[in-house]
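Structural overview
So you can see what is in the structure, the chains are spelled out below.
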Amino acid sequence: MKRTIVTSLLIPFVVFAAKALAGEADIVDAVVYKDRNNTWRFDVTVAHADVGWEHYADRWEVLAPDGTVLATRVIYHPHVTEQPFTRSLVNVHIPDDVKVVRVRARDSIHGYGGKEIKLELRR
């Protein structure tokens, strides 16, 4: 009986610890291309120890130097067995005066805060 109670009490802590240990989502690589229609394409690689729907990298963003969000790529499901993973975003409009952008990722528990990458836009 005591063993069952102790086990029942420990399970939520183990689950919580696993979620917390997954840490923040990091951008580990990013490439930007200018398309023919004067928009931009981003290929971004994210690393995160996804544990399932409870804790996973759920988006990445492209930001102007002043912090304005220029584009968001939503990630609709966890990538537990595919790490790191790369996703693209096309038809991104970036003002002509923006010469450098920052790419950051977010996870469903910690939000933003992992490794970011800065990219120079070659016009």
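A brief look at the structure comes next. (Residues numbered from 1 in each chain as written. Predicted model: local features only at pLDDT ≥ 70, side-chain atom pairs only at ≥ 80, totals over all residues. Heavy atoms only, no water.)

**Digging into the overall build of the protein**
- Counting its secondary structure elements, the protein contains one helix and eight strands.
- Listed N to C, the secondary structure of the protein is α-β-β-β-β-β-β-β-β in terms of helices and strands.
- By residue count, 37% of the 123 residues in the protein fall in the buried class.
- A separation of at least 24 residues holds for 59% of the contacts in the protein among residues at least 6 apart in sequence. (Helix = DSSP H or I, 4+ residues; strand = E, 2+ residues; numbered from the N terminus. Buried < 20%, exposed > 50% of the residue type's maximum accessible area, 1.4 Å probe, protein only. Contact = heavy atoms within 4.5 Å.)

**A short note on the sheet that holds strand E2 (residues 40-47)**
- An order of E1-E2-E5 is seen for the three strands of this open sheet, with the pairing classed as antiparallel. Across the chains shown, the open sheet's two edge strands, defined by having one partner strand only, are strand E1 (26-34) and strand E5 (85-92). With direction set aside, neighbouring strand axes in the sheet form an average angle of 15 degrees.
- Strand direction decides the pairing type here: E2 and E5, joined by six bridges, are antiparallel. Note on E5: the bridge partner recorded for Asp43 is Ser88. (Pairing = 2+ DSSP bridges. Axes fitted to C-alpha atoms, helices over the stretch in contact; angles between N-to-C directions.)

**Re the pairing of strand E6 (residues 100-107)**
- By the bridge criterion, six bridges tie strand E3 (residues 57-63) to E6 in an arrangement that is antiparallel. Along E6, the bridge assignment pairs Trp60 with Ala105.
- Direction of pairing for E6 relative to strand E8 (residues 117-120): antiparallel, over a ladder of four bridges. Of the residues in E8, the one forming a bridge with Arg102 is Lys118.

**What to know about the packing of aromatic side chains**
- Counted under the stated rule, the structure contains one aromatic pair.
- When the centroid spacing of 5.7 Å and the interplanar angle of 80 degrees are considered together, the rings of Trp53 and Tyr56 count as edge-to-face.
- One residue, Arg104, lies across the ring of Tyr112, its end atom 3.8 Å from the ring centre. (Phe/Tyr/Trp six-rings, centres within 6.5 Å; stacked < 30°, edge-to-face > 60°. Lys NZ or Arg CZ within 6 Å of the ring centre and 35° of its normal.)

**Remarks on the environment of Val98**
- Of note, Val98 is situated in the loop between E5 and E6.
- Along the backbone, Val98 and Pro65 are 33 residues apart, and their C-alpha atoms lie at a distance of 7.6 Å.

**Regarding the pairing of strand E4 (residues 69-74)**
- Taken together, the five bridges between E3 and E4 define a ladder with antiparallel strand orientation. Residue pairing for E4: Val62 is matched across the bridge by Ala71.
- In this structure, the hairpin formed by E3 and E4 is closed by a connection of five residues, where Gly67 is found at a positive phi of approximately 95 degrees.

**Structural notes on unusual backbone geometry**
- Of note, the amide linkage connecting Gln83 to Pro84 takes the cis form, showing an omega dihedral of -15 degrees.
- Relative to the helices and strands, Pro84 is located in the loop between E4 and E5.
- Not every positive phi belongs to a glycine, and Asn38 is a case in point at roughly 65 degrees.
- One can find Asn38 in the loop between E1 and E2.
- The partly exposed category is assigned to Asn38, whose relative accessible area is 46%.

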